[in-house]
Amino acid sequence: MKRTVTRSTMIMVVTLLSLTTSLFARSHRVDQIPNGSELGCASCHVTPGGPRTAFGTLIENSYLSGGNVVWGPELAAADADGDGFSNGHELEDPFGVWTSGSTNPGNTSFVTNPGSNSSVPEGDAAKSSFQMQFTDMTPHVGQYFEIRIVDTSNDLTVASEDLSSIGDAAYEFVFLHALEDGASYQVDFWADHNGNGTYDAPPTDHAWRVDLASVSGNTMESFSHNTNFTDIGGTVSIDHLAAVPTELVLYDNYPNPFNPETVIRYELAAPGFVELNVYNLQGAQVATLQSGVRQAGLQSVAWNARNYRGEQLPAGIYIYTLRADGQMHSKRMMLLK
Ligand SMILES: [Ca+2]
Ligand SMILES: [Ca+2]
Ligand SMILES: [Ca+2]
């Protein structure tokens with residue numbers, strides 16, 4: 001990195017910083033814990049700049065690096081004030097996934113003081129949270145993915161989320177305040193392996209179930225891709241796929257890179273004329289995959305890497321461009337040999 005700060009500016013900044021720290025304690029650390037601005041310095045100091053709270057002491061002793069707070073899973077899991085709720089639970093980031101500079105997590109009105117045992121979460125805020133970590137999901141990158149948590153006592157879905165397109169082999173979901181202590185749940189999830197936009201029993205689509213028996217506190221599970229499928233049934237909500245999308249969306253093709261075939265998917269907000277073309281990097285149009293009126297909803301088009309004349313195209317990067325509804329979207333794909 002280039003240094004553009006002059007020596008005199010540096011001295012001024014250092015002087016200002018030392019003045020500020022002596023007057024206002026380490027107020028910059030407020031931005032280094034999730035929802036830190038909700039409590040200000042009160043999370044770490046009993047009085048501004050005064051004695052530290054249990055949370056402030058824990059950070060001071062074990063979670064500073066170069067004067068900055070090291071927020072993460074470990075500090076989140078600890079319960080500094082011993083009130084039975086972890087620091088992360090009290091700050092709405094139970095698994096310590098928040099990073100400084102990003103949007104504050106969770107519901108700010110649920111935040112309680114991790115440095116005071118008289119400040120504790122109540123009602124929904126006291127409910128436990130769940131984190132599901134996925135790894136090695138490479139076979140499904142680019143596919144639609146859905147996960148839901150079902151209360152096994154009444155078969156009701158207590159939380160669900162989806163990804164319109166899996167972006168990476170590793171990803172995670174956090175469901176805040178979804179679990180009741182002592183209750184049991186099943187976590188059902190599936191990837192739209194055949195790309196048709198609806199759930200099909202395995203092995204056509206890949207679907208799995210993880211059981212959470214009698215949960216106690218904030219709970220974390222991890223899952224790596226395997227072929228031990230469970231048919232999670234047709235009750236999974238895919239309503240939003242049937243529903244008309246509100247805007248034109250062009251998804252990453254899958255697989256990518258590819259050989260010999262890939263699938264391009266997009267969502268159309270209203271019925272209308274659609275043109276889907278493929279160009280090479282020189283800007284020449286090499287194929288037209290669609291040209292005509294299409295219905296609203298999810299559309300899926302396969303391409304076998306052949307040009308207008310049916311000839312196999314050389315390996316390389318190609319651009320696919322979707323024109324519809326007065327808009328144009330483009331993405332890149334890579335053909336391998
Ligand atoms: Ca606590
Ligand atoms: Ca507390
Ligand atoms: Ca499917």
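Whatever comes next refers back to the structure up there.
1. Regarding the pairing of strand β11 (residues 262-268)
- Counted residue by residue, β11 has 6 buried out of 7 residues, so it is predominantly covered.
- As paired strands, strand β10 (residues 249-250) and β11 are joined by 2 bridges and run antiparallel to one another. The residue bridging Val 249 from the neighbouring strand is Glu 267, located in β11.
- The sheet contact formed by β11 and strand β14 (residues 297-303) spans 7 bridges and is antiparallel. Note on β14: the bridge partner recorded for Arg 265 is Ser 300.

2. Structural notes on the coordination of the calcium ion (ligand 3)
- Here the calcium ion (ligand 3) is held by Asp 192 (OD), Asn 194 (OD1), Asn 196 (OD1), Thr 198 (O), Asp 200 (OD), Asp 205 (OD) and Asp 205 (OD), and the distances to it run 2.2 to 2.7 Å.
- Each donor residue of the calcium ion (ligand 3) lies on one chain, and together they are spaced D-x1-N-x1-N-x1-T-x1-D-x4-D.
- Overall, the relative accessible area of 37% leaves Asn 194 in the partly exposed class.
- On the basis of relative accessible area, Thr 198 is assigned to the partly exposed category, the value being 33%.

3. Here's the deal with the sheet that holds strand β15 (residues 316-324)
- Spatial strand order, β13-β12-β15-β16: 4 strands in an open sheet with antiparallel pairing. At either margin of the open sheet sits one strand with a lone partner, and together these are β13 (285-294) and β16 (327-335). If you compare each strand with its neighbour and ignore which way they point, the axes differ by 15 degrees on average.
- Sheet analysis places strand β12 (residues 272-280) next to β13, joined by 8 bridges and oriented antiparallel. Note on β13: the bridge partner recorded for Leu 276 is Gln 290.

4. Regarding the side chain of Thr 53
- Mapped onto the elements, Thr 53 comes out in the loop between α2 (36-39) and α3 (54-62).
- Looking at Thr 53, the relative accessible area reads 7%, which means it is buried.
- In terms of polar contacts, Thr 53 uses its side chain to reach the backbone carbonyl oxygen of Ser 43, at 2.5 Å.
- If sequence neighbours within four positions are ignored, Thr 53 has contacts with Ala 42, Ser 43, Cys 44, His 45, Val 46 and Gly 115.

The rules we used
Residues numbered from 1 in each chain as written. Chains lettered and ligands numbered in written order. Predicted model: local features only at pLDDT ≥ 70, side-chain atom pairs only at ≥ 80, totals over all residues. Heavy atoms only, no water. Buried < 20%, exposed > 50% of the residue type's maximum accessible area, 1.4 Å probe, protein only. Helix = DSSP H or I, 4+ residues; strand = E, 2+ residues; numbered from the N terminus. Pairing = 2+ DSSP bridges. Donors = N, O, S within 2.8 Å, 3.2 Å for Na, K, Ca; no water. Axes fitted to C-alpha atoms, helices over the stretch in contact; angles between N-to-C directions. Polar contact = N/O pair within 3.5 Å; in protein donor to acceptor, adjacent residues only side chain to side chain. Contact = heavy atoms within 4.5 Å.

Scope: geometric values only; no functional claims are made or implied.
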